[in-house]
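# Overview (structure and organization)
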Amino acid sequence: MIPSAPSSRTCKIVAVDGPAGSGKSSVCSEVCRQLGWTYVNTGFLYRSIALIARQRNQRLDDNEALSGIINEFCEALQWDPKTQAVGFHGQNLSPQLYTDQAGKDASSIAKNPLVRELLLPLQRKLTLQSPVGAIVDGRDIGTVVFPDADLKIFMTASLEVRALRRMGQLQEGQQPDPAELEAIKTSILQRDQQDAKRGTAPLIQAPDAIVFDTSDLDIKGSIDAMIQLIKTHIKV
Ligand code: DC
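What this report covers is the structure whose coordinates are included nearby. (Residues numbered from 1 in each chain as written. Predicted model: local features only at pLDDT ≥ 70, side-chain atom pairs only at ≥ 80, totals over all residues. Heavy atoms only, no water.)

Another point: the environment of Glu-72. Mapped onto the elements, Glu-72 comes out in helix α3 (residues 63–76). Between the C-alpha atom of Glu-72 and that of His-233, which follows or precedes it by 161 residues, the distance is 38 Å. If sequence neighbours within four positions are ignored, Glu-72 has contacts with Arg-56, Phe-88 and His-89. (Helix = DSSP H or I, 4+ residues; strand = E, 2+ residues; numbered from the N terminus. Contact = heavy atoms within 4.5 Å.)

Strand-to-strand pairing in sheets goes through backbone hydrogen bonds, with the strands running parallel or antiparallel. Read across the sheet, five strands follow the order β2-β6-β1-β7-β8 without closing on themselves; strand pairing throughout is parallel. Looking along the sheet, the strands with just one partner apiece sit at the ends: β2 (38–41) and β8 (210–213). Going across the sheet, the axis of each strand differs from the next one's by a mean of 25°, ignoring polarity. Pairing analysis gives four bridges linking β2 to strand β6 (residues 133–138), with the strands arranged parallel. (Pairing = 2+ DSSP bridges. Axes fitted to C-alpha atoms, helices over the stretch in contact; angles between N-to-C directions.)

Every α-helix carries 3.6 residues per turn, so stepping three or four residues along brings you back to the same face. Of the positions making up helix α5 (residues 100–109), those classed as buried are Ala-102, Gly-103, Asp-105, Ala-106, Ser-107 and Ile-109. Residues of α5 that are buried make contact with α2 (43–55), α3, α4 (94–97), α6 (113–128) and α9 (178–197). (Buried < 20%, exposed > 50% of the residue type's maximum accessible area, 1.4 Å probe, protein only.)

Next up on the list: the packing of α2 against α3. Contact geometry for α2 and α3: axes closest at 10 Å, N-to-C directions at 120°. Judged by the angle between their axes, α2 and α3 are oblique. Here the hand of the crossing between α2 and α3 comes out right-handed. Contacts between α2 and α3 pair Phe-44, Leu-45, Ser-48, Ile-49, Ile-52 and Ala-53 from the former with Leu-66, Ile-69, Ile-70 and Phe-73 from the latter. (Parallel < 35°, antiparallel > 145°, perpendicular 65-115°, else oblique. Left-handed = near helix turned anticlockwise from the far one by under 90°.)

What follows deals with unusual backbone geometry. With a phi close to 50°, His-89 is a non-glycine residue in the positive phi region. Assignment of secondary structure puts His-89 in the loop between β4 (86–88) and β5 (91–92). Notably, Ala-201 is not glycine yet its phi reads approximately 45°, a positive angle. Along the chain, Ala-201 falls in the loop between α9 and β8. With a relative accessible area of 12%, Ala-201 lands in the buried category.

This next bit is on the packing of aromatic side chains. With the rule as written, the count across this model stands at two aromatic pairs. Arranged with centres 5.7 Å apart and planes meeting at 15°, the rings of Phe-44 and Trp-79 form a pair that is stacked. Placement of the pair is Phe-44 in helix α2 and Trp-79 in strand β3 (residues 77–79), with a sequence separation of 35 residues. On the basis of relative accessible area, Trp-79 is assigned to the buried category, the value being 14%. Here the aromatic rings of Phe-73 and Phe-88 are separated by 5.7 Å at their centres, their planes lie at 45°, and the arrangement is tilted. Taken together, the residues span a long stretch of sequence, with Phe-73 in helix α3 and Phe-88 in strand β4 at a distance of 15 residues. For Phe-88, a relative accessible area of 4% gives the class buried. (Phe/Tyr/Trp six-rings, centres within 6.5 Å; stacked < 30°, edge-to-face > 60°.)

Our focus in this paragraph is the sheet that holds β4. Spatial strand order, β3-β4-β5: three strands in an open sheet with antiparallel pairing. The outermost strands of the open sheet, each flanked by one partner alone, are β3 and β5. Here β4 pairs with β5 via two bridges, running antiparallel. The partner of Gly-87 across the bridge, within β5, is Asn-92. Of the strands in this sheet, β3, β4 and β5 are in contact with α2, which crosses β4 at around 40°.

Structure below.
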């Protein structure tokens, strides 16, 4: 039984969902910096749990081991919202969190309803500590974590653009290696499908979310457009 979202809060909340590589973290973190808001990238929680399980040689489908790790993680997590640094028992997890393997492992444990249920209160707690406003990104933020968000955005981009961004090769004049581009597209597509087809809290656009397609925007254009969206819908 998933507890419902808290009914009273003082900070503004913008929920951002969308597929892998749509630019959520680079855009949302800079928008928060400019607005003086807190950025909560919920993917780091799934990535951390999967990484710790791997480090301890636990299976990623062992519910007992995963719930033990999550309980311990909720107690020992040191998270800096300004730098997004993630510490656990004094170990800096950040350098290992954003590998392709950690993303795949995170997507794999994110299918597990128990993992989702146990991580839900932590996502809300980290967000509600924000003094003014927060942008929270993930896959189920507008549907499950904060269905009462002040604004919901579904951020997306074409598969081609997302793959090119992943390769860091959107800059003019660079010719991506076609085989590498295809491999990255396949990997992104597999993760999208795994996230969208799971039974619990799948990646879907909330009915009241605004679709924000960044395919034709560069990073600055995306940041400016998101700030505009927020200022149009919320008094900031
Ligand atoms: O946003 P990300 O790529 O760091 O997320 C890693 C994986 O974690 C993603 O493939 C699915 C899962 N995830 C999720 O299921 N729900 C969230 N709110 C955030 C991430």
